[in-house]
Amino acid sequence: MQAAMRPLAGAAARLAVAASGGADSAMLAAHAAPLARRLGIDLLIFHVHHGLQAAADDWAAQVRELGRILQVPVHTAWAQVRADSGLGIEAAAREARYAALAGLAGQHGVGHILLAHHQGDQAETVLLRLLRGTGVQGMAAMAPSMPRDGLVYLRPWLNQPRADILRAARAFAALHGWQPVQDPTNADPRYTRAAVRELLAPALDARWPGWQARLADHARHMAEAAGILDEVARADLAALQPAADLASFALAPWRELPAARQAQVLRYWLGLHGARMPTEARLADLLRQLRQLHSLGHDRQMRVAHARHLIRCHRGRVWIEPRE
């Protein structure tokens, strides 16, 4: 964690910890608070109230109590989770959470937010990405540093086993009498990530002890490979007559690239705009439509909704823009 926070020292920076009230984010805040004081960093705690659980008000109160113990200000935002977004409740809640955090950051002058994702979360993400059929970038899973919405999200605990975090939480409870909240959805196999945790993880633990650390290592290897592919994609995009803001590129020169590089530069371009990495099936469909457009003529428009973005083709150029 010190490596993640040290670059902010002495820069009059304000840093926040995103805290749900669970053991992981609570211990992240507990470890960040004294370190921030030593480094001269102004630390805040951000809590997002989703309103999806009956106990949500109690969770917010627990986070406020945590802030009192740590002597760190707590700020809460109420998120609006749209059940009709077409993303599914888990993805919709995640999008609402990031939007709420961005709003809090803007209100309080915060440029960096710490997230408590740990080694187990990283391993679960690798499994989920594998099952979804993502490419090399997707298999790199969660990055230690992630720019989004004008902020930088930091994940200093991606190599931290959750067992260590739970031990710290028990010691903290013994010292302060503060107990972390328990979100029932974390153990409900109706939810995708919980299904991995409750149904797959026990079998993997029994047959392949240490699988989480190995999958986390795999994510780092994929991140290195993705960096090399990005260098190629960056050069390819520069040859596609991109707009100054990179919001569009010319279709004709893209058509001249080999098929594998067509796909790679498309993934790279989507990533530049913060778009969710497509599954192989979604990417194949998008590639098919772009290739057909050329054969059918540039006068035919294409509009494809992809998570928070819209991809369209008009007058021989491919565009990306946020969905309204």
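For the structure itself, look to the data block above.
None of these values were measured; they are calculated from a predicted model. (Residues numbered from 1 in each chain as written. Predicted model: local features only at pLDDT ≥ 70, side-chain atom pairs only at ≥ 80, totals over all residues. Heavy atoms only, no water.)

Topic: the side chain of H118
Short version of the rule: Strands are runs of DSSP state E lasting at least 2 residues, helices are runs of H or I lasting at least 4, and numbering of each runs from the N terminus. Counted as a polar contact is a pair of N or O atoms within 3.5 Å, where, for protein atoms, one must be capable of donating a hydrogen and the other of accepting one, and residues adjacent in sequence contribute only when both atoms are in side chains. We call two residues contacting when some pair of their heavy atoms lies within 4.5 Å.
Inspection of the secondary structure assignment puts H118 in the loop between strand 4 (112-114) and helix 5 (119-132). A polar side-chain atom of H118 sits 3.3 Å from a polar atom in the side chain of D24. Discounting chain neighbours no more than four positions away, the residues touching H118 are D24, W157, L158, Q160, R162 and I165.

Regarding the pairing of strand 6 (residues 151-154)
For clarity, the threshold we go by: We call two strands paired when DSSP finds no fewer than two bridges between them.
Sheet analysis places strand 4 next to strand 6, joined by three bridges and oriented parallel. Within the sheet, the bridge partner assigned to L114 lies in strand 6 and is L154. Of the pairings in the sheet, the one linking strand 5 (residues 145-148) to strand 6 comprises four bridges and is antiparallel in character. Opposite M146, over in strand 6, you have Y153 as the bridge partner. Count of turn residues in the strand 5/strand 6 antiparallel hairpin: two residues, of which D149 carries a positive phi of about 55°.

Thoughts on the sheet that holds strand 7 (residues 248-250)
Heads up, the rule is: Helix axes use the C-alpha atoms of the stretch in contact, all axes being lines fitted to C-alpha atoms, and the angles between their N-to-C directions lie in the range 0 to 180 degrees.
Here we have four strands laid out as an open sheet, ordered 7-10-9-8, and antiparallel in their pairing. Two strands in the sheet have a free side with no partner beyond their single neighbour: strand 7 and strand 8 (302-306). Within this sheet the neighbouring strands show an average axis-to-axis angle of 15°, counted without direction. Pairing of strand 8 with strand 9 (residues 309-314) involves five bridges; the strand directions are antiparallel. If you follow V304 over to strand 9, its bridge partner there is I311. In this fold helix 11 (residues 259-272) packs onto strand 7, strand 9 and strand 10 (317-322), with an angle of close to 30° to the strand it touches most, strand 10.

Details of the sheet that holds strand 2 (residues 42-49)
Reading across the sheet, the six strands line up as 3-2-1-4-6-5 and stay open at both edges, with mixed pairing between neighbours. The sheet is open, and its two edges are formed by strand 3 (74-78) and strand 5, each paired on a single side. On average, each strand axis in the sheet is tilted by 30° relative to the strand beside it, whichever way the strands run. Where strand 1 (residues 14-18) and strand 2 come together, five bridges link them in parallel fashion.

Let's talk about unusual backbone geometry
In plain terms, the rule: Think of it in three bands: with a 1.4 Å probe and only protein chains considered, a residue is buried below 20% of the maximum accessible area for its type, exposed above 50%, and partly exposed in between.
The backbone phi angle of Q71 is positive, close to 60°, even though this residue is not glycine. Relative to the helices and strands, Q71 is located in the loop between helix 3 (56-70) and strand 3. On the basis of relative accessible area, Q71 is assigned to the exposed category, the value being 67%. Despite not being glycine, D149 shows a phi value in the positive range, around 55°. According to the relative accessible area criterion, D149 is partly exposed, its value standing at 44%.

Comments concerning the pattern of salt bridges
For side chains of opposite charge, pairing can occur when their charged atoms come near one another. Put simply, the rule reads: Definition used for salt bridges: Asp or Glu carboxyl oxygen within 4 Å of a side-chain nitrogen of Lys or Arg.
Under the definition given, this model contains 14 salt bridges. With its nearest N and O atoms 2.8 Å apart, the salt bridge here joins D24 to R162. With D24 in helix 2 (residues 23-39) and R162 in helix 7 (residues 162-176), this pair connects stretches of sequence that are 138 residues apart. For R148, the salt bridge identified is with D149, shortest N-O distance 3.4 Å. Connected via shared salt-bridge partners are E95, R148, D149 and R308.

Considering a positive patch on the surface
Condition: For patches, a residue must show more than 30% relative accessible area and have no salt bridge; joins then use 9 Å for like charges and 5 Å for nonpolar side chains, namely Val, Leu, Ile, Met, Phe, Trp and Tyr. Working definition of accessibility: Shrake-Rupley area with a 1.4 Å probe, residue cover restricted to the visible protein chains. Lys and Arg are tallied as positive, Asp and Glu as negative. Neither His nor the chain termini are counted. The atom standing in for a charge is NZ when the residue is Lys, CZ when it is Arg, CG when it is Asp and CD when it is Glu.
On the surface, a cluster of positive charge is contributed by R94, R97, R132, R276 and R282. Assignment of secondary structure puts R97 in helix 4 (residues 89-108). Owing to a relative accessible area of 31%, R97 belongs among the partly exposed residues under this scheme.

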